[in-house]
Amino acid sequence: MIKLDEKTPNIETNSPAQEQLIDSFDRIIDYLRISVTDRCNFRCVYCMPEAGAPVAPSAEILTNDEIQRLVAIAVNLGMTKIRITGGEPLLRKGLVELVESISSHERIKDLSLTTNGYLLGALAERLARAGLHRVNVSLDTLKHDRFKRIARRGELKEVLEGIDAAEKAGLSPLKINCVVMRGYNEDEVLDFVRLTLDRRIDVRFIELMPINWSQNDEMYPLQGAPTAAPSDGEPFGSKGSSITLYANSQLATFNQLFHDSRIKSGGGMLDASAMKSSFVATDEMRTSIEATFGELLPAIIRANGPVRSYRVAGAVGTVGFISQISNDMCINCNRLRLTADGQLRPCLMADGEVDLRSAMRTGATDSEIEEMIRITVKHKPKEHRLEDGIEPTGRNMSQLGG
Ligand code: SAM
Ligand code: SF4
């Protein structure tokens, strides 16, 4: 049994950094999610086709040195929280060394990683020693046969062993991310809540998100988004970088990103219609939890960003909801995303990214990269526009770094 609060990072306040990134809507942007690979050993039905999603050529994936350089720049700009993700990040060679170098930055107060858990049993101890603070393990079912239907690779047993290894290694508080889908696992919500009763586990129920649903045949490289020259005279395009104008809810061009989610063959990944019929809203999950466990009490947990967190009375762990669709929390969004191939995205749910890889590889200086990050922040959209039919296209979740 792990001790509470041991190694738990204090991330309630920002350390004095030289600068803070503040977007056009007064949000402090202090959280960088770094995808370290677009490869994965699972094939979750909501994320990837059976045959796998297209991946970037290895030469386009950022090296450890390039990621370390960007982290140093981001930290200098006031980033204090880093999450490593993918694809499946534990597949990346040199991951432990990368974690070690990132954790050496004193200003980073929260260093976490999201994983499918399959390789965690082998790596948890080394990652903890390298300075990783905590992990989120994605797990959608506690039943072996369903695991095969949802993840379509690997074994539930390995993931459960990975969770135990992470707890043992002190990667705490451990979070379990569970995407709830009708017809797949919606009847297991209560079983997941039971995990929180006597274990220091934070279970977070995630609404299914319409990320590139079944547009898998043309997902890479990015297609379909309009490219545009900067209108405000800022230094995009310098040092060989290119920019795809990202969707800023204040820009007229945003509407050009309208995406018609016609159903295409999904190669085994849920298509738009299946995703829609599998969707379970947070309210429905919450009602069924409260019918069994009584009223959920608000819980304050650190680093919960766009998550609403609660606790069953007397429970050790917490229950959270990530309701990007039914009740979006964009106004609390504090993050940027760096894809494995070096594109900086201000929003998961809107197309548009800035090519930091090309900039770095053609000799951009640190201050030029800093400026590209500042401008990305400035153009961060206020909120997603899913309700207007505007959906992210071009990449699926494993290529975005969910
Ligand atoms: N492979 C790692 C994992 O599964 O934890 C990290 C990358 S995965 C893309 C990150 C998270 O995105 C997982 O928790 C996964 O369940 C979630 N995810 C992927 N596609 C999703 C979708 N369409 N809707 C909601 N969540 C999704
Ligand atoms: Fe599943 Fe994560 Fe792999 Fe996507 S990236 S298929 S969510 S394990």
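Being a predicted model, the structure only gives us computed values, none of them experimental.

Rules used throughout
Residues numbered from 1 in each chain as written. Chains lettered and ligands numbered in written order. Predicted model: local features only at pLDDT ≥ 70, side-chain atom pairs only at ≥ 80, totals over all residues. Heavy atoms only, no water. Helix = DSSP H or I, 4+ residues; strand = E, 2+ residues; numbered from the N terminus. Contact = heavy atoms within 4.5 Å. Areas by Shrake-Rupley, 256 points an atom, 1.4 Å probe, with all protein chains shown as cover. Near = heavy atom within 4 Å. Polar contact = N/O pair within 3.5 Å; in protein donor to acceptor, adjacent residues only side chain to side chain. Nonpolar A, V, L, I, M, F, W, Y, C, P; charged D, E, K, R; others polar. Salt bridge = Lys/Arg side-chain N within 4 Å of Asp/Glu carboxyl O. Phe/Tyr/Trp six-rings, centres within 6.5 Å; stacked < 30°, edge-to-face > 60°. Buried < 20%, exposed > 50% of the residue type's maximum accessible area, 1.4 Å probe, protein only. Lys NZ or Arg CZ within 6 Å of the ring centre and 35° of its normal. Expected span 1.5 Å × (residues − 1). Axes fitted to C-alpha atoms, helices over the stretch in contact; angles between N-to-C directions. Parallel < 35°, antiparallel > 145°, perpendicular 65-115°, else oblique. Left-handed = near helix turned anticlockwise from the far one by under 90°.

1. Side note on the overall build of the protein
- Each helix and strand counted, the protein has eleven helices and 13 strands in total.
- In the protein, 77% of the contacts between residues at least 6 apart in sequence involve partners at least 24 apart.
- With the model as given, the accessible surface of the protein reaches about 15700 Å², and the carbon-plus-sulfur share is 50%.

2. Concerning the site of ligand 1
- Taken together, 18 residues lie near ligand 1, and Tyr 46, Gly 87, Thr 114, Ser 138 and Met 209 sit nearest.
- A distance of 3.0 Å separates a nitrogen atom of ligand 1 from a polar backbone atom of Gly 87.
- Here ligand 1 has 550 Å² of accessible area as a free molecule, and 95% of this is covered by the chains.
- Taken together, the elements giving at least two residues each to the shell around ligand 1 come down to strand S3 (110–115), strand S5 (174–180) and strand S6 (201–207).
- Its residues placed into classes, the shell around ligand 1 shows seven nonpolar, nine polar and two charged.

3. Focus: the pattern of salt bridges
- On inspection of all chains with the given rule, the structure shows 23 salt bridges.
- A salt bridge links Arg 27 to Asp 23; the nearest nitrogen and oxygen atoms lie 2.6 Å apart.
- Arg 152 serves as the salt-bridge partner of Glu 50, at 3.4 Å between the closest nitrogen and oxygen. Here Arg 152 lies in the loop between helix H4 (144–150) and helix H5 (156–168) and Glu 50 lies in the loop between strand S1 (31–35) and helix H1 (64–76), a separation of 102 residues in the sequence.
- Overlapping salt bridges, with partners in common, bring together Glu 19, Glu 370, Glu 371 and Arg 374 in one network.

4. Describing the packing of aromatic side chains
- One pass over the full model with this rule turns up five aromatic pairs.
- Here the aromatic rings of Phe 42 and Phe 147 are separated by 5.7 Å at their centres, their planes lie at 85 degrees, and the arrangement is edge-to-face. With Phe 42 in the loop between S1 and H1 and Phe 147 in helix H4, the pair connects residues that are 105 residues apart, well separated along the chain. Both residues of the pair, Phe 42 and Phe 147, count as buried.
- A network of ring pairs unites the aromatic residues Phe 192, Phe 205, Tyr 310 and Phe 321 as a single cluster.
- Taking NZ or CZ as reference, Arg 149 lies 4.1 Å from the ring centre of Tyr 184, over its face.
- Sitting over the ring of Tyr 310, Arg 286 keeps its end group 4.3 Å from the ring centre.

5. Some thoughts on H1
- Helix length check: H1 (13 residues) gives 18 Å between terminal C-alpha atoms against 18 Å at 1.5 Å per residue, within 8%.
- Residues of H1 that are buried: Asn 64, Glu 66, Ile 67, Leu 70, Val 71, Ile 73, Ala 74 and Val 75.
- Summarising the contacts, the buried residues of H1 are in contact with S1, strand S2 (81–85), helix H2 (95–103), strand S11 (335–338), helix H9 (356–361) and helix H10 (366–378).
- Looking one or two places after H1, you find Gly 78, whose phi comes out positive at around 100 degrees.

6. Here's the deal with the site of ligand 2
- Surveying the vicinity of ligand 2 reveals the residues Cys 40, Phe 42, Cys 44, Cys 47, Gly 87, Asn 116 and Ser 398.
- Its residues placed into classes, the shell around ligand 2 shows four nonpolar, three polar and no charged.

7. Let's talk about the packing of helix H3 (residues 120–130) against H5
- Relative orientation of the contacting elements H3 and H5 amounts to 15 degrees, with a least axis distance of 8 Å. Comparing their axes, H5 and H3 come out roughly parallel. Seen along the crossing, H3 lies across H5 with a hand that is right-handed. Across the interface between the two elements, Leu 120, Gly 121 and Ala 124 from H3 touch Gly 162, Ala 165 and Ala 166 from H5.
- Considering only residue class, the contact of H3 with H5 consists of four nonpolar, two polar and no charged.

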